[in-house]
Amino acid sequence: MLSSCVVSTKLKDGMLAVYNSIFCDPVFMSSEEFITVSDGKITSDMYGILKRKGILVDDEQDDLYRIDFVREKVRDKIGTINFVIMMMSDFCNLSCDYCIEKQYNIVEGKCMTNDVIDGFFQMVSSGLINLASNVEFILYGGEPLLNLNGIKYFLDRKEIALPESKCSIVTNAILLDEELVYFFKERKVNVGISIDGPKEITDCHRKYKKGNGSVYDDVQKNLSYLCESGVEWSLSITVTDELMNKKDRFFKWIGEVRPRTVAFNLLKLSFAPTEATIATDYYKDASYFLVEAHMKLQEMKITERDITRKIGYFLEHQPVVSDCAAASLNQLTINTNGDIHACQCYMNQMNTFGSVFDKTSYTIPMTSLKMFENLPINRAPCLKCNALPICGGGCLVQGKTVYCNDKYLDEGYCEYAKNIMTWIFQRLYDSFRGDIPLEGR
């Protein structure tokens, strides 16, 4: 019998990629061939191939077993923290018009204190926070470099408590200088620079709170220190409409800057509920842009993280659990005041785990549990979605606040993931299209 998790993605020339959404091992066939398979009119050899790929099953229990197996692996990892975001400050020297923090009541002027940092490491040492062996710390804000003393204190504590852990910082680079670059190199801190692209794109949205200077000019000057230092650094590019409309200019610029790695950030929580349709259109456009950017950067031998990550999910032959470690309960965010949250974009009283000053334990709030319960692998409708293998659900907070649904479904990201999935299968099919029998596809 045909698996209840069989889905298909339509490709060019009338071909289909047919696969089990849990197994994700496709067979390429025509619509007529798929009808034949659905009717059970197949040879014994073909039956063996389709059975191995999870497209055919003996009974419904096969599907239930696969689904339960993946879900159990997800549950087993709850509470193992792979990422810790340290909110070194809750204010910034820029006022970017798409900034997520504008959605929240963050009081300007607060920095993370040494007491908060001490409280965190005390919870770790006492076993109240279960860090993965490969845990990565991310120094974040606000603008983290506005709390340079706190950063240095944190790195000193981390070096003693967790010397093998990884650490990165996400900064707008306004305060970056040569001394800081070599400090980060010495402390093995990877540096991510937030920028939107060349001058006419960056200065469109990224502006100083005080003054009318060019943010791009100041960042570009400081990038030269990174290029000369040998420190591990990358660019964190926000995908705006201006970037997509001036993509040729962007590709020329990125070829001149020559970062080793580029990460693209989709706008999220930047749309009002009344703009849900606009948000979905944006995600569709962004999917086409990121596919093109992936191929362009690949030609330049520059690593592009986002589509590359999706391809990695696909190659694992099982659905990605979550595109956000906070939603899968594998990330903690430590706020400037010591409060513990999952997501750095959703720090309110409804989503507070506890505090580093409470040395007993922390409790996962109901809001985070609901997000976890509504991850794609835990939602029956998503099991029949062709994008399940690579999706991960996008931003579940956006599903709740922008698309206003009780299932935390990020509808814009759904469209984004479906387009990326189609592109991956088309590329795979094109790579070996020809006079190849169905059994060899």
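Structure shown above.
Residues numbered from 1 in each chain as written. Predicted model: local features only at pLDDT ≥ 70, side-chain atom pairs only at ≥ 80, totals over all residues. Heavy atoms only, no water.

## Quick notes on the pattern of salt bridges
Moving on, step 1. Considering all chains together, one arrives at 16 salt bridges under this definition.
Moving on, step 2. When the shortest N-O distance is used, the salt bridge between D25 and K53 registers 3.0 Å. Placement of the pair is D25 in the loop between β2 (15-20) and β3 (27-30) and K53 in the loop between α2 (44-52) and α3 (60-76), with a sequence separation of 28 residues.
Moving on, step 3. Judged by relative accessible area, which is 22%, D25 ranks as partly exposed.
Moving on, step 4. Under the relative-accessibility criterion, K53 is labelled buried at 8%.
Moving on, step 5. The partner of D203 in a salt bridge is K199, and the shortest N-O contact between them spans 3.5 Å. Here the residue D203 and the residue K199 both occupy positions in helix α7 (residues 199-205), the gap between them amounting to 4 residues, near one helical turn.
Moving on, step 6. For D203, a relative accessible area of 18% gives the class buried.
Moving on, step 7. When salt bridges that share partners are traced, they join D306, R309, K310 and D323 into one network. (Salt bridge = Lys/Arg side-chain N within 4 Å of Asp/Glu carboxyl O. Helix = DSSP H or I, 4+ residues; strand = E, 2+ residues; numbered from the N terminus. Buried < 20%, exposed > 50% of the residue type's maximum accessible area, 1.4 Å probe, protein only.)

## Observations regarding the packing of aromatic side chains
Moving on, step 1. Under the defined criterion, the tally for this structure stands at 24 aromatic pairs.
Moving on, step 2. Measuring from centroid to centroid gives 6.4 Å for F28 and F425, while their planes differ by 80 degrees, and the two rings are edge-to-face. With F28 in strand β3 and F425 in helix α15 (residues 411-431), this residue pair connects regions lying 397 residues apart in the sequence. Grouping residues by exposure puts F28 and F425 together as buried.
Moving on, step 3. Each ring, one from F28 and one from Y429, has its centre 5.2 Å from the other, and the planes form 45 degrees; the classification is tilted. (Phe/Tyr/Trp six-rings, centres within 6.5 Å; stacked < 30°, edge-to-face > 60°.)

## As for the pairing of strand β7 (residues 189-195)
The side chains of a regular strand alternate, residue by residue, between the two faces of the sheet.
Moving on, step 1. The buried fraction of β7 is high, at 6 of 7 residues.
Moving on, step 2. Bridging between strand β6 (residues 166-171) and β7 involves 5 bridges; their strand directions are parallel. Considered in β7, the bridge of I169 is made with V191.
Moving on, step 3. For the crossover from β6 across helix α6 (residues 178-186) to β7, the handedness is right-handed.
Moving on, step 4. Two elements, β7 and strand β8 (residues 233-239), share 5 bridges in a ladder whose sense is parallel. Bridging from a neighbouring strand, V191 pairs with W233 of β8. (Pairing = 2+ DSSP bridges. Right-handed = clockwise from strand over helix to strand, strands pointing away.)

## Here's the deal with the nonpolar core
In a soluble, globular protein the nonpolar side chains are often hidden away together inside.
Moving on, step 1. Among the nonpolar cores identified, the biggest contains 127 residues, and F184, L235, V239, F264 and F289 are the most heavily contacted of them.
Moving on, step 2. Ranked by the residues each element gives to this core, the list is headed by helix α11 (residues 276-299), at 10 residues.
Moving on, step 3. Core analysis: the next-biggest nonpolar cluster, separate from the first, contains 12 residues, V6, V18, M29 and M46 among them. (Core = buried A, V, L, I, M, F, W, Y, C linked by side-chain atoms within 4.5 Å.)

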